[in-house]
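Each chain, letter by letter, is given below.
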Amino acid sequence: MNQGISTRRVPLRQFSVPLSATRRGARLARLLATEKLLAWELPLDPARLIVAELATNAALHGRVPGRSFRLALSVMPPGTLRIELTDTCGDRLPVSPRTAADTHAESGYGLLLVEELADRWGVRCGPVPSKTVWAELDPEVPGPSE
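Source: prediction; values computed, not measured. (Residues numbered from 1 in each chain as written. Predicted model: local features only at pLDDT ≥ 70, side-chain atom pairs only at ≥ 80, totals over all residues. Heavy atoms only, no water.)

**Considerations on the overall build of the protein chain**
Short version of the rule: Secondary structure counts use DSSP, requiring at least four H or I residues in a row for a helix and at least two E residues in a row for a strand, with both numbered from the N terminus. Any two residues whose heavy atoms approach within 4.5 Å at even a single point are treated as in contact. Surface exposure here means Shrake-Rupley accessible area, sampled with a 1.4 Å probe, where a residue is shielded only by the protein chains that are shown.
Counting secondary structure elements, the protein chain contains four helices and five strands. Ordered by position from N to C terminus, the α and β elements of the protein chain give β-α-α-β-β-α-α-β-β. Put simply, 63% of the contacts in the protein chain that link residues at least 6 apart link residues at least 24 apart. Entry remark: accessible area of the protein chain is about 9,100 Å², with carbon and sulfur atoms responsible for 54%.

Structure representation (structure tokens):
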């Protein structure tokens, strides 16, 4: 038996930064993500759209005065981009996009956008008092006509 083999996925690339839970912090999250995606030579869209939406949600709905939110980007084998936004308002979980769309509200469609653009997304609770909303984008695979 080989003791050195691990099934844990180790990121190929990683970036993480705390930002103020304000509109300015949300804008900075999008700008920093754009710069990191360019440096990593990854497609900008839909990743920056997802970052913009999740960062705006963290600043508006996950805001606790005096606390920041954290943007984390990582590339996992085989090239999956994972976007994470962690805020300190773990008692307020996102509403399902389908539920929000059914209420005919003027807002609340951002997670519907995330659901459509991401290959997977979800929420991880903890450590108390925080929550992390994450989304994953699988690498683009060239089709037969490309």
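**What about the environment of Arg67?**
Here Arg67 is to be found in the loop between helix 2 (47-60) and strand 2 (68-76). Put simply, Arg67 and Thr88 are 21 residues apart on the chain and 6.9 Å apart in space, counted from C-alpha to C-alpha. In this view, Arg67 contacts Ala21, Thr88 and Pro129; residues no more than four positions away in its chain are not counted.

**What about the pattern of salt bridges?**
Put simply, the rule is: Any Lys or Arg side-chain nitrogen located within 4 Å of an Asp or Glu carboxyl oxygen qualifies as a salt bridge. Working definition: with a 1.4 Å probe on protein chains only, accessible area under 20% of the residue-type maximum means buried, over 50% means exposed, and in between means partly exposed.
Enumeration over the complete set of coordinates arrives at seven salt bridges. The closest approach of N and O atoms between Arg82 and Glu84, which form a salt bridge, is 2.7 Å. The same class applies to Arg82 as to Glu84, namely buried. The closest approach of N and O atoms between Arg120 and Asp138, which form a salt bridge, is 2.6 Å. With a gap of 18 residues between them, Arg120 in strand 4 (residues 120-125) and Asp138 in the segment after strand 5 (131-137) connect regions that are remote in the sequence. Judged by relative accessible area, Asp138 falls into the partly exposed class, the value being 33%. Each of Arg82, Glu84, Arg120, Arg124, Glu136 and Asp138 takes part in salt bridges that share partners, so that together they form one network.

Limitation: the analysis is restricted to geometry and does not speak to function.
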